[in-house]
Amino acid sequence: MNKEMILVLDFGGQYNQLIARRVRDCSVYCEVHNYDISMDEIKAKNPKGIIFTGGPNSIYENNSPKVDEEIYKLGVPVLGLCYGAQMMTHQFGGEVSTAPVSEFGKARLKIDKRDGILKDVRDDTTCWMSHVDYISKVPSGFETVAHTIDCPVAVMENREENLYAIQFHPEVNHTEEGPKILSNFILNICGCKGDWKMDSYADEQIKSIREKVKGGKVLCALSGGVDSSVSAVLLSKAIGSQLTCVFVDHGLLRKNEAEEVSRVFGPDGDYNLNFIKVDAKQRYYDKLKGIIEPEEKRKAIGEEFIRIFEEEAKKIGTVDYLVQGTIYPDVIESGLGKSAVIKSHHNVGGLPDHVDFKEIIEPLRPLFKDEVRKLGRELGLPDYLVNRQPFPGPGLGIRIIGEVTADKVKIVQEADAIFREELDKSGVVANQYFAALTNMRSVGVMGDFRTYDYAIALRAVTTTDFMTAESANLPWELLEKVTTRIVNEVEHVNRVFYDLTGKPPGTIEFE
Ligand code: XMP
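Residues numbered from 1 in each chain as written. Predicted model: local features only at pLDDT ≥ 70, side-chain atom pairs only at ≥ 80, totals over all residues. Heavy atoms only, no water.

Peer 1: Looking at this structure, how should I read the overall build of the protein chain?
Peer 2: The number of helices and strands found in the protein chain is 14 helices and 18 strands. Projecting the C-alpha coordinates of the protein chain onto the three principal axes gives extents of approximately 90 × 55 × 40 Å. Looking at the protein chain residue by residue over its 511 residues, the buried ones come to 56%. The contacts in the protein chain between residues at least 6 apart in sequence include a share of 74% that link residues at least 24 apart. (Helix = DSSP H or I, 4+ residues; strand = E, 2+ residues; numbered from the N terminus. Buried < 20%, exposed > 50% of the residue type's maximum accessible area, 1.4 Å probe, protein only. Contact = heavy atoms within 4.5 Å.)

Structure representation (structure tokens):
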């Protein structure tokens, strides 16, 4: 392999993929491997630099993970973080002790020598500490170049041997100068040029998918969401018509969504794949008839999806691989170190047990959402697909309180399209916004007539993680305009509410 790469050796820390992400932020290719990878494999990979991650162990525990010390003789710069820093200290004859004061959280980083890995790093900024043990004696040949009040050796280095150790976590957002410190290591010390791009990621994935799949058949449940769309495009570039994408129109999609997805992926689109659009609208409306309880509704929507997916898979015959649009935050949510459970929200309710396949392909697994969007753009996907807000698998089904009917879907689709159009035009920033149909009907007056119609609820939230959220502070004029347009343009709506509830105590969706 002749491209520049940084090898990250994993000691079980929480932030390992974040380190990889920071390396990619420097436009350098990166691979994360378990710490016990063989020296021969490391040599074959020919890394320009090596980073040891943190980990939960103490260096003095029996069987605590340790790297083969031959690694220090490769002549490649090495950076140890947290546990990795302590292990390096231990292996070079320094001392690691239990700190009198454990440090968890923010600390002020005092620079003693602004050079090398700390070149141009500002003094007295916040760094993120998370440790019980600390470096109590610097090994010979090393020099302390930064400290905090409770940590005498926050950063140490041995310039001659090109070895660096950092007690805190430069990879997390809380460490203000983290990106600078890591780029000093990657670009200045390892000498990487930083010319790797997301399309190189695509090329590598395409190559490895081809090698894996060979002549086999691959099935992808395409929802039209960002992750499944980008996965489908990547697979289609790799294996073309060996890929079949099943897109289920469950009649609970946003206005024009089914047409947009079909236009991009269907026979007249840009991708040479077998695209199967299943029109299951009526089937869903029949199934949802009379159901008002939210969990029952979600379950019904999910089950129906599985039945349809199974039917389509049977028609294709033997499927060798199944594509999943798992991205890195999904892996974190499903438990680090374990393989990701199949995530219900890519395909509404999980995947069928009865579809036989050899393996799952997850081409986006190491990426974060914004990286997936970047990849999608570089693969030529249209902006409206790439920039999509999260849309729940059960779709408008959980934005219609009470029984779902075709008529109610139409009402919420129209109101939602107006709200999204006006909010997009206004330039206001909200992370998720949509209209929902309350099950409330009330009396109104239109022209000379009394009306007895539905109320629409508008929801717009700002959030970073979707676990908590605030209602977005929308300008009054915008709310007025949207309200006027909805009551004028959407039949059977005579009132519009704006939901000011945060999460908690509310949720973002209505059911
Ligand atoms: P809540 O309503 O729980 O939503 O505050 C948090 C985020 O998750 C999305 N959401 C879902 N996404 N399948 C999904 O793919 C689901 O069943 C589902 N339910 C909620 C919601 O849109 C919001 O972004």
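Peer 1: What exactly am I supposed to notice about the domain arrangement of the protein chain here?
Peer 2: Interface size is often expressed as the accessible area that is lost when the parts come together. Each domain of the protein chain was delimited in the assignment, giving domain 1 (5-189), domain 2 (198-386) and domain 3 (399-498). Averaged C-alpha coordinates put domain 1 and domain 2 at centres separated by 38 Å. The interface of domain 1 with domain 2 comprises six residues on the first partner and eight residues on the second. Summed over both partners, the interface of domain 1 with domain 2 buries about 670 Å², with 53% contributed by carbon and sulfur atoms. Considering only the surface of domain 1 that becomes buried against domain 2, Gln17, Arg21 and Arg24 emerge as the three largest contributors, covering 72% of it. The interface formed by domain 1 and domain 2 contains two salt bridges. Arg24 is the partner of Glu371 in a salt bridge, and the nearest nitrogen-oxygen pair spans 2.8 Å. Ranked by the residues each element gives to the side of domain 1 that touches domain 2, the list is headed by helix 1 (residues 16-25), at four residues. (Domains from an automatic or database assignment. Buried area = accessible area lost by both parts, 1.4 Å probe. Salt bridge = Lys/Arg side-chain N within 4 Å of Asp/Glu carboxyl O.)

Peer 1: Sorry if this is basic, but what is going on with the side chain of Gln432 here?
Peer 2: With respect to the secondary-structure elements, Gln432 resides in strand 15 (residues 432-446). Look at Gln432 and you get buried, because its relative accessible area is 4%. At 3.4 Å, the side chain of Gln432 and the side chain of Glu509 are in polar contact. In contact with Gln432, other than residues within four places in its own chain, are Gln389, Pro390, Arg399, Arg459, Ala460, Val461, Phe466, Ile508 and Glu509. (Polar contact = N/O pair within 3.5 Å; in protein donor to acceptor, adjacent residues only side chain to side chain.)

Peer 1: What is the right way to read the sheet that holds strand 6 (residues 125-137) from this model?
Peer 2: Strand pairing in a sheet relies on backbone hydrogen bonds. The paired strands run either parallel or antiparallel. The nine strands are arranged 2-1-3-4-9-8-7-5-6 in an open sheet whose pairing can be described as mixed. The open sheet is flanked by strand 2 (29-34) and strand 6, the only strands paired with a single partner. Strand after strand, the sheet turns through a mean of 20° between neighbouring axes, direction not considered. Judged from the eleven bridges that link them, strand 5 (residues 95-111) and strand 6 form a sheet pairing that is antiparallel. (Pairing = 2+ DSSP bridges. Axes fitted to C-alpha atoms, helices over the stretch in contact; angles between N-to-C directions.)

Peer 1: Where do I start with the pairing of strand 8 (residues 155-158) in this structure?
Peer 2: For a regular strand, side-chain orientation follows a simple rule: the groups alternate between the two sheet faces. The side-chain alternation of strand 8 yields two buried faces, one formed by Val155 and Glu157 and the other by Met156 and Asn158. Pairing between strand 7 (residues 143-147) and strand 8: three bridges, direction antiparallel. Within the sheet, the bridge partner assigned to Ala146 lies in strand 8 and is Val155. Taken together, the four bridges between strand 8 and strand 9 (residues 163-166) define a ladder with antiparallel strand orientation. Bridge pairing links Met156 to Ala165 in strand 9. In sequence, strand 8 turns back onto strand 9 through a hairpin of four residues, with Asn162 there showing a positive phi of about 60°.

Peer 1: I tried to follow the state of the cysteines on my own but got confused; where do I start?
Peer 2: What is meant by a disulfide is a covalent connection between two cysteines, made through their sulfur atoms. Under the counting rule described, the total for this entry stands at zero disulfides. Of all cysteine sulfurs in the structure, the one in Cys151 sits closest to Cys82, which takes part in no disulfide; the separation is 9.4 Å. Taking relative accessible area as the criterion, Cys82 reaches 6% and is therefore assigned buried. Cysteine Cys245 remains unbridged, with the sulfur of Cys220 as its closest cysteine sulfur at 4.3 Å. (Disulfide = S-S within 2.5 Å.)

Peer 1: Would you take a moment to explain the nonpolar core for this structure?
Peer 2: Most often, soluble globular proteins have nonpolar side chains that are buried together. Counting residues in each nonpolar core, the largest one holds 68 residues, and the members touching the most others are Leu9, Phe52, Phe265 and Leu375. Among the elements that line this core, the one with the most residues is helix 6 (residues 226-239), at eight residues. When residues are assigned to domains, this core turns out to be shared by domain 1 (5-189) and domain 2 (198-386), each giving three or more. For Leu375, the contacting residues outside a window of four places in its chain are Met198, Tyr201, Ala202, Val230, Leu234, Leu364 and Leu367. Formed by 49 residues, the second largest nonpolar core is a distinct cluster that contains Val246, Ile301, Ala435 and Val493. (Core = buried A, V, L, I, M, F, W, Y, C linked by side-chain atoms within 4.5 Å.)

Peer 1: Explain the sheet that holds strand 12 (residues 274-279) to me, please; I cannot follow it from the model alone.
Peer 2: Read from one edge of the open sheet, five strands run 12-11-10-13-14, paired in parallel fashion. Strands with a single pairing partner mark the edges of an open sheet, and in this sheet they are strand 12 and strand 14 (359-361). The average angle at which neighbouring strand axes cross in this sheet is 25°, direction not considered. Of the pairings in the sheet, the one linking strand 10 (residues 218-221) to strand 13 (residues 321-323) comprises three bridges and is parallel in character. Counted as the bridge partner of Val218 is Tyr321 from strand 13.

Peer 1: What is the right way to look at the packing of aromatic side chains in this model?
Peer 2: Two aromatic rings, taken as a pair, are described by how far apart their centres are and by the angle between their planes. Inspection of the entire model under this criterion finds 13 aromatic pairs. With a centroid separation of 5.7 Å and 75° between ring planes, the pair formed by Phe11 and Phe52 is classed as edge-to-face. With Phe11 in the loop between strand 1 (5-10) and helix 1 and Phe52 in strand 3 (residues 49-52), this pair connects stretches of sequence that are 41 residues apart. Both residues of the pair, Phe11 and Phe52, count as buried. For the ring pair Phe434 and Phe510, a centre distance of 6.4 Å and an interplane angle of 80° mean the geometry is edge-to-face. Of the two residues, Phe434 sits in strand 15 while Phe510 sits in the segment after strand 18 (493-498), which places them 76 residues apart along the sequence. Chaining the aromatic ring pairs together yields one cluster made of Phe11, Tyr35, Phe52, Tyr72, Tyr83, Phe92 and Phe142. A cation over an aromatic ring shows up here: Arg254 above the ring of Phe391, its NZ or CZ 4.0 Å from the ring centre. (Phe/Tyr/Trp six-rings, centres within 6.5 Å; stacked < 30°, edge-to-face > 60°. Lys NZ or Arg CZ within 6 Å of the ring centre and 35° of its normal.)

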